[in-house]
Amino acid sequence: MYILERDALGRLWDVLKRQGFTIIGPTLDQQAIVYSEIDSADDLPAGWTDEQKAGTYRLKRRQDQACFGYASGPVSWKKFLFLPSLKLWHGRRKGKDIQIEKGKKEKPKLAFVGVRSCDLHAIGIQDKVFLKGQFVDSHYQCRREDVVVVAVNCTEPGGTCFCVSLQTGPKVTAGFDLSLTEIIDKKHHYFLVETGSPKGEKFLEALPHREAQETEKDEGKKLMEDARRKMGRTFDMANIKELLYQNAEHPRWDEVAQRCLSCANCTLVCPTCFCSNVEDVTDLTGEYVERWRRWDSCFNPEFSYIHGGQVRHTTKGRYRQWMTHKLASWIDQFGSSGCVGCGRCITWCPVGIDITEEVKCIRGSPPAAEEGPFKKENDR
Ligand code: SF4
Ligand code: SF4
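Residues numbered from 1 in each chain as written. Chains lettered and ligands numbered in written order. Predicted model: local features only at pLDDT ≥ 70, side-chain atom pairs only at ≥ 80, totals over all residues. Heavy atoms only, no water.

Draft legend 1. Structural context of the side chain of His-189. Position of His-189 relative to the elements: it lies in strand β11 (residues 189-195). With a relative accessible area of 17%, His-189 lands in the buried category. Every residue in contact with His-189, bar those within four places of it in the chain, is listed here: Glu-5, Arg-6, Gln-65, Ala-66, Glu-182, Ile-183 and Ile-184. (Helix = DSSP H or I, 4+ residues; strand = E, 2+ residues; numbered from the N terminus. Buried < 20%, exposed > 50% of the residue type's maximum accessible area, 1.4 Å probe, protein only. Contact = heavy atoms within 4.5 Å.)

Draft legend 2. Fine view of the packing of aromatic side chains. Scanning the model with the defined rule gives 19 aromatic pairs in all. Plain terms: the ring middles of Tyr-319 and Trp-322 are 5.7 Å apart, the flat faces sit at 65 degrees to each other, and that makes the pair edge-to-face. Of this pair, Tyr-319 and Trp-322 both sit in helix α11 (residues 315-334), three residues apart, which is roughly one turn of the helix. Tyr-319 gets classed as buried once you look at its relative accessible area, which sits at 3%. The rings of Phe-82, Phe-130, Tyr-140, Phe-274, Trp-295, Trp-330 and Phe-334 are connected pair by pair, giving a single aromatic cluster. The cationic tip of Lys-78 hangs over the ring face of Trp-295; the distance from NZ or CZ to the ring centre is 4.6 Å. Above the face of the Phe-21 ring, Lys-109 is positioned so that its terminal group lies 4.6 Å from the ring centre. (Phe/Tyr/Trp six-rings, centres within 6.5 Å; stacked < 30°, edge-to-face > 60°. Lys NZ or Arg CZ within 6 Å of the ring centre and 35° of its normal.)

Draft legend 3. Main features of the site of ligand 1. In the region of ligand 1, the neighbouring residues are Phe-162, Cys-270, Pro-271, Trp-322, Lys-326, Cys-339, Val-340, Gly-341, Cys-342, Gly-343, Arg-344 and Cys-345. Only α11 and α12 (344-347) provide two or more residues apiece to the shell around ligand 1. Of the residues in the shell around ligand 1, the class split is eight nonpolar, two polar and two charged. (Near = heavy atom within 4 Å. Nonpolar A, V, L, I, M, F, W, Y, C, P; charged D, E, K, R; others polar.)

Draft legend 4. Local environment of the sheet that holds β11. If you walk across this open sheet you meet the eight strands as β3-β2-β8-β9-β10-β11-β1-β12, and the pairing is mixed. Edge positions in the sheet fall to β3 (32-37) and β12 (210-211), since each has one partner strand and no second. Inspection of the sheet shows strand β8 (residues 110-115) paired to strand β9 (residues 148-152) by four bridges, in the parallel sense. Bridge assignment links Val-115 to a residue of β9, and that residue is Ala-151. (Pairing = 2+ DSSP bridges.)

Draft legend 5. Representation of the domain arrangement of the protein chain. Segmenting the protein chain into domains produces domain 1 (2-229) and domain 2 (240-378). Between the C-alpha centres of domain 1 and domain 2 the distance comes to 25 Å. Taken together, the contacts link 43 residues of domain 1 with 43 residues of domain 2. Taking both sides of the interface into account, the surface hidden between domain 1 and domain 2 amounts to around 3,800 Å²; carbon and sulfur atoms contribute 59%. The tally of links between domain 1 and domain 2 comes to four salt bridges. The partner of Asp-137 in a salt bridge is Arg-293, and the shortest N-O contact between them spans 2.6 Å. The interface formed by domain 1 and domain 2 contains 28 residue pairs in polar contact (both at pLDDT 80 or more). A per-class count over the side of domain 1 that touches domain 2 returns 21 nonpolar, 13 polar and nine charged. (Domains from an automatic or database assignment. Buried area = accessible area lost by both parts, 1.4 Å probe. Salt bridge = Lys/Arg side-chain N within 4 Å of Asp/Glu carboxyl O. Polar contact = N/O pair within 3.5 Å; in protein donor to acceptor, adjacent residues only side chain to side chain.)

Draft legend 6. Highlighting helix α13 (residues 355-362). For α13, the buried fraction is high: seven of the eight residues fall into the buried class. Buried residues of α13: Ile-355, Thr-356, Glu-357, Glu-358, Val-359, Cys-361 and Ile-362, and no others. In this structure, the buried residues of α13 make contact with α8 (240-246), α9 (252-259), α11 and α12.

Draft legend 7. How the structure looks around the site of ligand 2. In the vicinity of ligand 2 lie 13 residues, with Cys-260, Leu-261, Cys-263, Cys-266 and Cys-349 positioned nearest. Looking at side-chain class alone, the shell around ligand 2 contains eleven nonpolar, two polar and no charged residues.

Draft legend 8. Region of the structure containing the packing of α9 against α13. Two numbers describe how α9 lies on α13: the axes approach to 10 Å, and their chain directions differ by 150 degrees. Taken together, the axes of α9 and α13 lie roughly antiparallel to each other. As for the relative orientation of α9 and α13, their crossing is right-handed in sense. Each of Arg-252, Trp-253, Val-256 and Arg-259 in α9 lies in contact with α13, whose residues at this interface are Glu-357, Glu-358, Cys-361 and Ile-362. Class assignment of the residues belonging to the contact of α9 with α13 gives a composition of four nonpolar, no polar and four charged. (Axes fitted to C-alpha atoms, helices over the stretch in contact; angles between N-to-C directions. Parallel < 35°, antiparallel > 145°, perpendicular 65-115°, else oblique. Left-handed = near helix turned anticlockwise from the far one by under 90°.)

Draft legend 9. Main features of the pairing of β8. Burial runs high along β8: six of the six residues are buried. The pairing of strand β2 (residues 22-29) with β8 spans three bridges and is parallel. Paired with Ile-23 across the two strands is Ala-111, which belongs to β8.

Draft legend 10. Representation of unusual backbone geometry within the structure. Across the junction of Gly-169 and Pro-170, the peptide omega takes the value 5 degrees, indicating a cis bond. Mapped onto the fold, Pro-170 is located in the loop between α5 (163-166) and β10 (178-184). A positive phi angle, close to 55 degrees, is found at Gln-167, a residue other than glycine. Residue Gln-167 is classed as exposed on the basis of its relative accessible area of 71%.

Draft legend 11. Highlighting the pattern of salt bridges. What the rule picks out here adds up to 29 salt bridges. Across the salt bridge formed by Arg-62 and Asp-64, the nearest N and O atoms sit 2.6 Å from each other. Ionic pairing is found between Asp-119 and Arg-344, a salt bridge with its closest N-O pair at 2.8 Å. Linking Asp-119 in helix α3 (residues 117-131) with Arg-344 in helix α12, this pair joins segments that are 225 residues apart in sequence.

And the structure:
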C-alpha cells in the first residue's frame, strides 16, 4: 500500500490525460453528485456530501474537504458503457432498395475515477450480460475494452445502501487498476493507494507516492469497518429465489401496486438494468431512415407489447416482474443476483418504495415505519 497526498491528486489527471484518456468522475450538477466528464481534480465535489432516504436526496456541506465523501448518486457508470441512446444504422433509399450504413462503433479511452465497490460489481454484471453470453454486444465491447478504473473505497455509505448484505462492498476487491481510500485527520489529507493491475502500477509510478506506514494502513481498515457499520439498510438474501418464485400471488404485490407510479425511475437509475428498445425514424420524404436503440424499462406498458397486446398490463404485474427478475430469475439467467445494493432505486423512487422492505414483507415481517415524501397517511 502507498500514500498519495491530497495535493498530488491532480497529477492523476495529468497522467491519464497524457495517455489520451477522457476522465469521467464525480461532480456537482443540478443539485446532485453525478458522474460526468471532468477536466481536473478541481471539479470534484470537495466538501460536499449527500443525505439519502427513501424518495429523498439532498446535498449537504461537509465539515471537511473530502473529495469522495458521499454515496452513489443518480447516475451510474452504465451511462458511459451502455449508452442511453445509440444510432445502430442509417439508410437511404436507392431505387427499390435501402442502402444501409452501420453506426460507427466508438472506442473511446475512458478513465473512470471514483468507482465504488457496488458499482464495480454492477459493471461486472453488465459485462456478463453483454459480453459473456451467447451473443456479444459489440458496441458495449468497444466502449468497455480500454476502460481504466480508479476505484474508491466507500467510507460514507448512504441511508439507502445495503452492499454489505450482498457482499458487494464497501471495499473494492477486484476489477480495478488503482484504488483509493480517502483519509482526513486533523493535519493530514491523503489517500491510501492500492494497485490492482500492471496498468495501475504504471500509473502509480508516474505519481508522487511513498510506502504507507502501518498506522496509515490501520486507519484505512478502521474506515472500512466504520462504513460497514454505517450501512443504511440490511437485506436478507437467504433463499431469495425460492421465496419470490413461491410467492407470485402474495398480497404484498397488490399493496405495492397501489403506490407504484410505474414511472420507471428505479430501472433507469439501476446500474445493472439493461432493457432497451429499437426505434426506426424516417424523414418526411421517406428517403432516409435511422434505427436507434434506447434505454427502456419493464415498467413501461409498451415494453411487453407483443402482437396486439401487453403481456404485463398491470402495475402489479410490472413491479413483480422487475423485482422477481432482479432477485430471482437473474440468478437462473446469469448466475448471480441482479442487485448490488447501491440503494439508488430506493432513493430515486418518487414515492419511496424500498426493495428491501418489499422483500421483508413477502418474508412475513410487518412493514416498517415509512420514510420519504409519501408516508402511509398520504398513500393514494
Ligand atoms: S435494484 Fe436497486 S439497490 Fe439493487 S442494484 Fe438496482 S438500483 Fe441498486
Ligand atoms: S417502484 Fe418507484 S421508481 Fe419504480 S416504477 Fe414504481 S414508483 Fe417508479
